[in-house]
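# Understanding the architecture of this molecule
The lines below spell out each chain.
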Protein chains: 2
Amino acid sequence: MEKMTGRLTLPTDVDMVKETLEMKERLGADALRDCDGTTMPEELLDTGAKVYATYYTTRKDNEWAMKNPEEIQQEYLISDRVTARGTTLRIELMKGFHTEQLKVNTLDDPKRWWEVMDRTTQQVVPVDKWFFDETTGEVEIETIPYHQYTVSFLAFLIWDPVHMYNFITNDWKDAPHQLTFDVRQPKTQVYVKEKLKRWCEENPNVDVVRFTTFFHQFTLTFDDQKREKYVEWFGYSASVSPYILEQFEKWAGYPFRPEYIVDQGYHNSCFRVPSKEFRDYMEFQQIEVCKLAKEMVDIVHSYGKEAMMFLGDHWIGTEPFGKHFKEIGLDSVVGSVGDGVTMRMISDIKGVKYTEGRLLPYFFPDVFTEGGDPIGEAQDNWMKARRAILRSPLDRIGYGGYIKLAIEWPGFIEEIEHVVGEFRDIIAAMDGTNSYVAPFKVAVLNCFGPLRGWMSNQVHHAIYHREIYSYVGVLECLSGMPLDVVFLDFDDIRNGIDPDIKVIINSGDAYTAWSGGQNWTDEKVQTQIRRFVDNGGGFIGVGEPTACQFGGRYFQLSDVLGVDREMGFSLSTDKYNKLADNYREHFILEDIEGAIDFGQGKSRIYAQGTGYQILDQDGEYSRLVVNEYGKGRSVYFTGLPYSPQNCRVLLRAIFYAAHQEDEMKKYYVTNVDTEVAAFEKAGRAAVINNSKEAKVTELYVNGEKKYSLNMKPMEMCWVEL
Amino acid sequence: MEKMTGRLTLPTDVDMVKETLEMKERLGADALRDCDGTTMPEELLDTGAKVYATYYTTRKDNEWAMKNPEEIQQEYLISDRVTARGTTLRIELMKGFHTEQLKVNTLDDPKRWWEVMDRTTQQVVPVDKWFFDETTGEVEIETIPYHQYTVSFLAFLIWDPVHMYNFITNDWKDAPHQLTFDVRQPKTQVYVKEKLKRWCEENPNVDVVRFTTFFHQFTLTFDDQKREKYVEWFGYSASVSPYILEQFEKWAGYPFRPEYIVDQGYHNSCFRVPSKEFRDYMEFQQIEVCKLAKEMVDIVHSYGKEAMMFLGDHWIGTEPFGKHFKEIGLDSVVGSVGDGVTMRMISDIKGVKYTEGRLLPYFFPDVFTEGGDPIGEAQDNWMKARRAILRSPLDRIGYGGYIKLAIEWPGFIEEIEHVVGEFRDIIAAMDGTNSYVAPFKVAVLNCFGPLRGWMSNQVHHAIYHREIYSYVGVLECLSGMPLDVVFLDFDDIRNGIDPDIKVIINSGDAYTAWSGGQNWTDEKVQTQIRRFVDNGGGFIGVGEPTACQFGGRYFQLSDVLGVDREMGFSLSTDKYNKLADNYREHFILEDIEGAIDFGQGKSRIYAQGTGYQILDQDGEYSRLVVNEYGKGRSVYFTGLPYSPQNCRVLLRAIFYAAHQEDEMKKYYVTNVDTEVAAFEKAGRAAVINNSKEAKVTELYVNGEKKYSLNMKPMEMCWVEL
């Protein structure tokens, strides 16, 4: 077979011209890029490869920022929470923040834009009961003794958070701190647009303008020791300014309050069930940001260049699954592939011509160093990405960082040569078609629905947290499954469930946006889902699904789930739970050997009702329970971290819940460490080994054994169907 | 030293006359008793020993019960919770109950006394939208599809729950089921009083009438397979009847609702924060029950006999720490000593002439059998009871069951001879005085305060539950400490904290009555405790103290505690928690070796604020944290099961929190498996070894080493001070 080329972007640097050309040739790259810290050499502007250029709209122009201090970006901060011991209290606003990053906004009237809160009563302290002492940076408050107080206030972002992060991480010494400016402000908007035009004119050889990103950075603040203080990849706290908020007031028709942003100090973490006001604010920002981003993209297009958006950094308001994203008119989105979930976050984007994934590792000195394992990281990353790409392909892949490091690491280029080859094989096999998916939709239900599709239960891009990995695992498993996965919010439930949906998944901690909190006490939500399951639908709950203590139940759909959680109130009620007879022969566990990993699964789950079967227990409590409910079924897991075995467990649970056990065997591999993706139109199937050990697996098609495969570690095999 | 006698009650039986007399002599018993299933032989009525007779007011008279069916005891039941699939639903009331125990009350008007609830909305279904079909025992309801419904209804207790329990447990075959009757009803009240008088006349040799107990059984129902269905040792659900509830309405001034009793199906489990209405109902019942109990006691006294109450069974309304208990005029209370906590529940009772504890094991065939270990049980029981008796003595001890079984078990009588001897030694050493206690009070704070003193976090008498042992451990540790322990409810906090209190303990799961739930959002509660600690008080939290999600915090007193719990909303906030330097040298851990057992301690506890020191961690989270708050201190534990080591940890935590580290060393033993109780007036101290191994320990008095003791397993040594 002729060697395929293309679909690959490589980084380069000024002193790497010859090496870049060699790599371009060897790996068949068709695009070259600069990165943060590297520069595109003049010699490579005309190699036939596309040239990408990173473009920053909001920084790298301290002169402008310093001349227009009132148009520097702003962020709502909340002071420390301080307990009054007497009738007055002084709160030092910047305590615990880094004063090189943030500076109190003294230009706009504090009485208009700040808020002092009595957190003991959650009441606003009237403005005549406090004042700002600019000389000390403190707010003095008339207080009730032993109540707690906070001050919500505006601060200027005098050091771009990402630049600050890079500066600290790379221990830069003399780089000047890059100030920010807010492209939404009137003077800056005009200036930035003109500047982009100029830049396009001055860079005729650049084919792709890669925006990093548009206007508002996700929330990222540092503490007084320059350590990360708060990070929310989806956070809107740094997208504010009086100028914007006055527009918001007009649009929303009610006065803005700082509390809508600081949210008791939680800053609208996406684990919070979003308030109506915050939802309004998100909507407003998405409309406005997309409108302005479109103007930037139009400029790029007017110079015959492509516009690409980086998924991250200043991406607030441009969430790719948001309602307004398509209106920007981007040609492409590029993002970092941390795992299968973040891969899907890119490859599932609609409304662009192509998507591109940056595979790991970045060619950075932290990995390419003694004790580092760049090859192992590349393998782990590719195994997770590959299974997801087989279901929803990227159009392109690429790498970032210092190409010098990659070239010099023995065996690394061979490794990525292999990855790139497998990627091209997949694209070729698909031949413009998709791999087989089951003939029904699987819906993930939470408070955000599609807006934060493939983003549930996450804090920051693919970062492990002990509290979330048992939920993120569900998405990671789903990312590589032969399923049409959609995301619903509770209004989608209220308005009537799409009849193509056969299984609904609700996964998360009680009272979080991922589980749903108070939404579960809404009789409309309850009755819609009960009807759905009663009529044959499937419901899968993980952790604390449908949880909200009310009316005698903690899990509001305990009748559907067949389980509830013991919160102490029903200790007096005897339970008599025991494992189902022959539980190991249940469809869900048919080919599962050994213990199931429930991760940090929730404790104290008990089965109740008349339709349940317990398939796994922890003492007298349960970890895996199935329930018959009318014509439908539910499956409950205490938690489900990612592993090849758990992929199989969840796959079986979904087809079981959907009453489609036979359909699961349409294309089926026996070994749980392997998976199959069938490209029916192409008449081929890929079988992948998701482990680092050799495996034997058998491929069944429509119940007939077609192949027995001896698979090498991590191997992908192609077979004819 | 002359052998001491007295203070001991033994059981007897008709065929055990000679053996009883031998045991009476050998053990120095001064009272004999009959039991459930045994009979006092005529020959023993005049041995010089006091004669106790069990007396049942509410059963053992089926003739009366059958003649007066409307005065049989009643209970509020709640049906299964059933989901409507259409617009009508029939709920079978007795489904899941045992029809030999309970029978639907069809004598009183269902429309007046029952309640059909839509549990999806928590709204009452109007009475014209349902009817009771007596022929099928079902209620038919006009329903909203996919809402859930329950029926709260009255049932007659046609089999006494304790009799039923004994019947099932002992596998009796032909004993007739004992019906109940309600002594509060007019006809029965007259009848029972007359019967008691007659009985007193007919039993001139009985010295002590031991009531088992008065009128209302704690909640205990059985399911259709004769298994326990619901048990709450403190439950009021079986204390109802239309007759009583009409009185309640007059007393309370508002209409009664079944929901006040069935409480969403939780039946006012004492883990529930009690509603105002349930508190009213408890108060009303206590007034009425104590008033009527007094009449019974007066009758007993009029015949020159003593009146003794058994702590348990039909004890609803007579809770010994309740406000009205003393008015009954009892001579004594006897109860089963399950551990140190239940011992204190008896020995701390005021308003009686003496208290008596039934030690374990009961002489029953379940323990005195092959594979049983009655000697081991007696030792474990005594080790827990002994350390508590040293702080708050019983006046008497005793045993129950079949004396034949005890006599025939090799070595058992020697064992209890030893126990009885140690008990008498303690009483003699005390010489009517109390052992040393620290010069401050320690308060346990929950929603029930003194009413349920020594009863927190329990479901049923000393029964282990995985969910509670990490809290019950706190009380068990306290039961044997040299401390004046008091119990407070939240009104006691609101009304001003007793200045003698130096340490407040709050221990339990969030939203339970033991933690306090919504009380913690009351600014009065918050400010009182903050002021208390700020001025030098100590606060100890275990599990989820002060927990109630509100205003940006889960632990409302997170500032006092120095910790909060991660509920998902603050995952974006970085924590940087790490162990304190030299944490093992902290006062609380000074003599603690090896790992601390936190039991089922709560996860995800992080420290915050400026005053904390972390003394134990689980990964990045904390398990033991101390915090400085103004002049005061707090200590937080994720959980604290009972163990000798944890007794020491808690003792140290209390003296640390109280700023009384030196006072702790007034009487101090070095080995954590040992404890000391000092009887200052008697000039003696008891040192006890709480383990089953030999231990070496040193006794310090006021910082001076006085003795080095080689202690045998479980030994108690007396030393001169």
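Please refer to the structure higher up on the page.
Attention here is on the structure that accompanies the text.

What counts and what doesn't
Residues numbered from 1 in each chain as written. Chains lettered and ligands numbered in written order. Predicted model: local features only at pLDDT ≥ 70, side-chain atom pairs only at ≥ 80, totals over all residues. Heavy atoms only, no water. Helix = DSSP H or I, 4+ residues; strand = E, 2+ residues; numbered from the N terminus. Rg over C-alpha atoms; globule rule 2.2 N^0.38 Å. Buried < 20%, exposed > 50% of the residue type's maximum accessible area, 1.4 Å probe, protein only. Contact = heavy atoms within 4.5 Å. Areas by Shrake-Rupley, 256 points an atom, 1.4 Å probe, with all protein chains shown as cover. Phe/Tyr/Trp six-rings, centres within 6.5 Å; stacked < 30°, edge-to-face > 60°. Lys NZ or Arg CZ within 6 Å of the ring centre and 35° of its normal. Salt bridge = Lys/Arg side-chain N within 4 Å of Asp/Glu carboxyl O. Pairing = 2+ DSSP bridges. Axes fitted to C-alpha atoms, helices over the stretch in contact; angles between N-to-C directions. Buried area = accessible area lost by both parts, 1.4 Å probe. Polar contact = N/O pair within 3.5 Å; in protein donor to acceptor, adjacent residues only side chain to side chain. Nonpolar A, V, L, I, M, F, W, Y, C, P; charged D, E, K, R; others polar. Least-squares fit on C-alpha atoms with pLDDT ≥ 70 in both. Disulfide = S-S within 2.5 Å. Arc of directions from axis to C-beta. Parallel < 35°, antiparallel > 145°, perpendicular 65-115°, else oblique. Left-handed = near helix turned anticlockwise from the far one by under 90°. Core = buried A, V, L, I, M, F, W, Y, C linked by side-chain atoms within 4.5 Å.

Another point: the overall build of chain A. When you go through chain A residue by residue, the secondary structure sums to 18 helices and 36 strands. Taking 721 residues into account, the globule formula puts the C-alpha radius of gyration at 27 Å, and chain A, at 27 Å, falls close to it. If one aligns the C-alpha atoms of chain A with their principal axes, the spans along those axes are about 75 × 75 × 45 Å. Buried residues in chain A amount to 65% of all 721 residues. Taking contacts inside chain A between residues at least 6 apart in sequence as the whole, the part at least 24 apart equals 73%. Here chain A has roughly 25,400 Å² of accessible surface; of this, 48% comes from carbon and sulfur atoms.

Residues and elements named next belong to chain B. Within the secondary structure, Leu196 sits in helix α5 (residues 186-202). A sequence separation of 104 residues divides Leu196 from Val300, and the C-alpha atoms of the two residues are 7.8 Å apart. Aside from chain neighbours lying at most four places away, what touches Leu196 is Tyr55, Phe211, Met296, Ile299 and Val300.

Counted under the stated rule, the structure contains 91 aromatic pairs over all chains. Ring geometry for B:Trp251 versus B:Phe284: centroids 5.5 Å apart, planes at 50°, classification tilted. Highlighted residues: B:Trp251 in helix α6 (residues 242-252) and B:Phe284 in helix α8 (residues 276-302), separated in sequence by 33 residues. The rings of A:Tyr76, A:Tyr236, A:Phe248, A:Trp251, A:Tyr254, A:Phe256, A:Tyr260, A:Phe278, A:Tyr281 and A:Phe284 are connected pair by pair, giving a single aromatic cluster. Note that B:Arg85 overlies the ring of A:Tyr629, its terminal NZ or CZ placed 4.6 Å from the centroid. In this structure, B:Lys229 is placed above the aromatic ring of B:Phe97, and the distance from its NZ or CZ to the ring centre is 4.7 Å.

Let us now look at the pattern of salt bridges. For the structure on display, the rule yields 116 salt bridges over all chains. A:Arg387 serves as the salt-bridge partner of A:Glu675, at 2.6 Å between the closest nitrogen and oxygen. Here A:Glu675 is found in strand β32 (residues 674-679), whereas its partner A:Arg387 is found in helix α10 (residues 374-389), with 288 residues between them in sequence. Assessed through its relative accessible area of 1%, A:Arg387 is described here as buried. Across the salt bridge formed by A:Asp618 and B:Arg466, the nearest N and O atoms sit 2.7 Å from each other.

Turning our eyes to something else, we now look at the sheet that holds strand β36 (residues 716-720) of chain B. Residue and element names in this part refer to chain B. Pairing within the open sheet is antiparallel, and its three strands lie in the order β32-β33-β36. Two strands close off the open sheet at either side, each with one partner strand: β32 (674-679) and β36. Looking at each pair of strands side by side, their axes are set apart by 20° on average, direction ignored. Looking at chain direction, β32 and strand β33 (residues 684-689) are connected through six bridges and run antiparallel. Across the sheet, residue Phe679 finds its bridge partner in β33, namely Arg684. Each of β32, β33 and β36 touches helix α10 (residues 374-389); the most contacted strand, β33, lies at about 155° to it.

A few words now on the interface of chain A and chain B. With 65 residues of chain A in contact, the opposing surface of chain B contributes 65 residues. Summed over both partners, the interface of chain A with chain B buries about 5,700 Å², with 46% contributed by carbon and sulfur atoms. Put simply, chain A and chain B have eight salt bridges between them. For B:Arg604, the salt bridge goes to A:Asp509, with nearest N and O atoms at 2.7 Å. At the junction of chain A and chain B, the tally comes to 38 residue pairs in polar contact (both at pLDDT 80 or more). Elements with a minimum of two residues in the side of chain A that touches chain B: β15 (228-232), α15 (523-534), β24 (547-550), β25 (553-555) and β29 (621-629) of chain A. At six residues, α15(A) tops the list of elements feeding residues into the side of chain A that touches chain B. Tallied by class, the residues present in the side of chain A that touches chain B amount to 17 nonpolar, 24 polar and 24 charged.

Note on the identical chains: chain A maps onto chain B by a rotation of 180° and an axial translation of 0.0 Å, with an RMSD of 0.1 Å. What the superposition gives is, in effect, a two-fold axis relating one chain to the other. Closest to the rotation axis within chain A is the C-alpha of A:Ser603, separated from it by 5.5 Å. In this assembly the copies share their binding face: 100% of the residues contributing to the interface of chain A also contribute to that of chain B.

Our next topic: the state of the cysteines. The final tally for this structure, using the stated rule, is zero disulfides over all chains. A:Cys647 provides the cysteine sulfur closest to A:Cys477, a residue in no disulfide bond, and the two sulfurs are 3.6 Å apart. Between B:Cys270, a cysteine without a disulfide, and B:Cys447, which holds the nearest cysteine sulfur, the sulfur-to-sulfur distance is 11 Å. For B:Cys270, a relative accessible area of 1% puts it in the buried group.

Residues and elements named next belong to chain A. Of all the positions in helix α1 (residues 17-27), only Val17, Thr20, Met23, Lys24 and Leu27 are classed as buried. Buried residues of α1, viewed axially, fall in a sector of 125°; they line one side. Of the exposed residues in α1, those oriented more than 90 degrees away from the buried face are Lys18 and Glu25. The inward-facing, buried residues of α1 contact β1 (8-11), β2 (31-33), α11 (403-408) and α12 (412-430). Of the residues trailing α1, Gly28 is marked for its positive phi of about 70°.

Here we come to the packing of α5(B) against α8(B). Helix-helix packing is characterised by the crossing angle of the two axes and by the distance between the axes. Residues and elements named next belong to chain B. Where α5 meets α8, the axes come as close as 9 Å, and the angle between the chain directions of the two elements is 25°. Here α5 lies roughly parallel to α8, going by the angle between them. Classified by chirality, the crossing of α8 by α5 is right-handed. On α8, the residues that touch Gln189, Val192, Lys193, Leu196, Lys197 and Cys200 of α5 are Leu292, Glu295, Met296, Ile299 and Val300. Its residues placed into classes, the contact of α5 with α8 shows seven nonpolar, one polar and three charged.

With that out of the way, let us pick up the nonpolar core. In this structure, A:Trp114, A:Leu478, A:Phe637 and A:Ile654 are the most contacted members of the largest nonpolar core, which totals 236 residues. Ignoring sequence-local partners within four residues, the contact set of A:Ile654 consists of A:Phe440, A:Val442, A:Leu478, A:Met481, A:Leu483, A:Val503, A:Ile505 and A:Ile540. Ranked by size, the runner-up nonpolar core spans 235 residues in total, among them B:Leu102, B:Val352, B:Ala607 and B:Tyr636.

Attention shifts here to the sheet that holds strand β6 (residues 88-92) of chain B. All names here are of chain B. The three strands lie next to each other as β6-β11-β10, forming an open sheet whose pairing is antiparallel. Edge positions in the sheet fall to β6 and β10 (130-133), since each has one partner strand and no second. Taking the axes of each pair of neighbouring strands and ignoring which way they run, one obtains an average angle of 20° across the sheet. Direction of pairing for β10 relative to strand β11 (residues 138-142): antiparallel, over a ladder of four bridges. The partner of Trp130 across the bridge, within β11, is Ile141.

Now for the side chain of B:Glu319. All names here are of chain B. Inspection of the secondary structure puts Glu319 in the loop between β16 (306-310) and β17 (332-336). A polar contact of 2.8 Å, which involves the side chain of Glu319, links it to the side chain of Tyr236. The contact partners of Glu319, leaving out residues within four places of it in the chain, are Tyr236, Gln286, Phe325 and Leu451.

This next bit is on the pairing of strand β30 (residues 632-637) of chain A. Residue and element names in this part refer to chain A. Burial runs high along β30: six of the six residues are buried. The two faces of β30 match: Gly632, Ser634 and Tyr636 on one face and Arg633, Val635 and Phe637 on the other face are all buried. Alignment of strand β23 (residues 538-543) against β30, held across five bridges, turns out to be parallel. Bridged to Phe539 within β30 is Ser634. Taken together, the six bridges between β29 and β30 define a ladder with antiparallel strand orientation. By the bridge assignment for β30, Leu624 is matched with Phe637.

Turning our eyes to something else, we now look at the packing of helix α13 (residues 469-479) of chain A against helix α17 (residues 644-657) of chain A. Residue and element names in this part refer to chain A. Between α13 and α17, whose axes approach to 9 Å, the crossing angle comes to 80°. One way to sum up the angle between α13 and α17 is to call them roughly perpendicular. On α17, the residues that touch Val474, Cys477 and Leu478 of α13 are Asn646, Cys647, Leu650 and Ile654. Across the contact of α13 with α17, the residue classes break down as six nonpolar, one polar and no charged.

With that settled, consider unusual backbone geometry. Put simply, B:Thr212 and B:Thr213 share a cis peptide bond, and its omega is -15°. Looking along the chain, the bond that leaves B:Leu360 and enters B:Pro361 is cis, with omega of 0°. Relative to the elements of secondary structure, B:Pro361 occurs in the loop between β18 (354-358) and α10. The backbone of A:Asn702 sits at a positive phi, close to 50°, despite the residue not being glycine. A positive phi angle is found at B:His659, which is not glycine, with a value near 60°. Considering the arrangement of structural elements, one finds B:His659 in the loop between α17 (644-657) and α18 (661-664).

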